[in-house]
Amino acid sequence: QVQLVESGGGLVQAGGSLRLSCTASGRTLSGYAMGWFRQAPGKEREFVAAISWRGRSTAYADSVKGRFTISRDNAKNTVYLQMNSLKPEDTAVYYCALGPLMTGATTNADEYAYWGQGTQVTVSS
């Protein structure tokens, strides 16, 4: 059974930075696309960022392009989301997810089979 655990969330002022981590147990992340999604109160879950299985390609939602960076360290079985220039509208619960085997940076949530419990990110104005 795969378990994904997110960490690094918290409260930050607008303009600040946070780095989220997603560590897996029960399976190596190597070989799988990985993604980050978020859900704000009263809103549907939305795609944030994805990285291909080799880490050679990435994809971002337009709302975070140029501010967020997704990366992976397969040796540590961990995926990261570096978030800079945070805005109040980035406030949400952030989830990491394990995607398809040996694929690119897919943005489709339906292609992700395993999800973490989420970590809260709150950006104050």
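Treat the numbers as computed from the prediction; the structure is a model and nothing was measured. By convention here, each chain's residues receive numbers from 1 onward along its written sequence. Per-residue local features of the predicted model are confined to residues with pLDDT of at least 70, and side-chain atom pairs are confined, for both listing and counting, to 80 or more; whole-chain, interface and lining totals are unaffected and use all residues. For side-chain calculations, the full set of non-hydrogen atoms in the structure is used, while hydrogens and water are omitted.

Quick question: what am I supposed to make of the overall build of the protein chain here?
Secondary structure elements are taken from DSSP: a helix is a run of H or I of four residues or more, a strand is a run of E of two residues or more, and numbering for both begins at the N terminus. A count of helical and extended segments in the protein chain gives zero helices and eleven strands. Secondary structure elements of the protein chain occur, N-terminal to C-terminal, as β-β-β-β-β-β-β-β-β-β-β. For 125 residues, the compact-globule estimate of 2.2 N^0.38 gives 14 Å, and the protein chain sits close to it at 13 Å. Counting over 125 residues, the protein chain shows a buried share of 46%. For this analysis, residues touch if any pair of their heavy atoms sits within 4.5 Å. Across the protein chain, contacts joining residues at least 24 apart in sequence account for 61% of those joining residues at least 6 apart. What sets the accessible areas is the Shrake-Rupley method with a 1.4 Å probe; for residues, cover comes only from the shown protein chains. Total accessible area computed for the protein chain in this model is approximately 6,300 Å², and 45% of it derives from carbon and sulfur atoms. Positive and negative charge centroids in the protein chain, built from 12 and 9 side chains respectively, lie 8 Å apart. For a compact globule the rule gives 2.2 Å times the number of residues to the power 0.38, and the radius of gyration it is set against comes from C-alpha atoms. Partly exposed residues are those whose accessible area sits between 20% and 50% of the maximum for their type, while under 20% is buried and over 50% is exposed, using a 1.4 Å probe and protein chains only. In this tally Asp and Glu are treated as negative and Lys and Arg as positive; neither His nor the chain ends contributes. The atoms used to mark charge sites are NZ of Lys, CZ of Arg, CG of Asp and CD of Glu.

For this particular structure, what's the right way to read the side chain of threonine 78?
Along the chain, threonine 78 turns up in strand E8 (residues 78-83). Side-chain polar atoms of threonine 78 contact the backbone oxygen of lysine 76, separated by 2.8 Å. Setting aside residues up to four positions removed in sequence, threonine 78 forms contacts with Ser21, Cys22, Thr23, Leu29, Arg72 and Asp73. Counting of polar contacts relies on pairs of N or O atoms within 3.5 Å, with two restrictions inside protein: one atom must be capable of donating a hydrogen and the other of accepting it, and residues adjacent in sequence are counted only when both atoms are side-chain atoms.

Looking at this structure, how should I read unusual backbone geometry?
Among all residues save glycine, negative phi is the norm, and among peptide bonds the norm is trans. Within the chain, serine 85 stands out as a residue other than glycine whose phi angle is a positive 50°. Using a relative accessible area of 40% as the deciding quantity, one classes serine 85 as partly exposed.

I tried to follow the nonpolar core on my own but got confused; where do I start?
Counting residues in hydrophobic clusters, the biggest one holds 37 residues, and the most contacted among them are Leu4, Trp36, Leu81, Met83 and Tyr94. For this core, the secondary-structure elements that each account for two or more residues are strand E3 (18-25), strand E4 (32-39), strand E5 (46-51), strand E7 (68-73), E8, strand E9 (92-101) and strand E11 (119-124). Beyond its immediate stretch of four places on either side in the chain, tyrosine 94 contacts Glu6, Leu20, Trp36, Phe37, Arg38, Val48, Phe68, Leu81, Met83, Gly118, Thr119 and Val121. For this analysis, a nonpolar core means a set of buried residues of the types Ala, Val, Leu, Ile, Met, Phe, Trp, Tyr and Cys, connected via side-chain atoms within 4.5 Å.

Is there a simple way to explain the pattern of salt bridges in this structure?
As a working rule, side chains carrying opposite charge can pair if their charged atoms are close by. Salt bridge criterion: a side-chain nitrogen from Lys or Arg within 4 Å of a carboxyl oxygen from Asp or Glu. Counted under the stated rule, the structure contains four salt bridges. Notably, a salt bridge pairs aspartate 90 with arginine 67, separated by 2.7 Å at the nearest N-O pair. Remark: arginine 67 occurs in the loop between strand E6 (58-60) and E7 and aspartate 90 occurs in the loop between E8 and E9; sequence separation between them is 23 residues. Each of the two residues, aspartate 90 as well as arginine 67, counts as buried. Within this structure, Arg38, Glu46, Arg67 and Asp90 form a network of salt bridges that share partners.

Any link to function would need more than the numbers given here.
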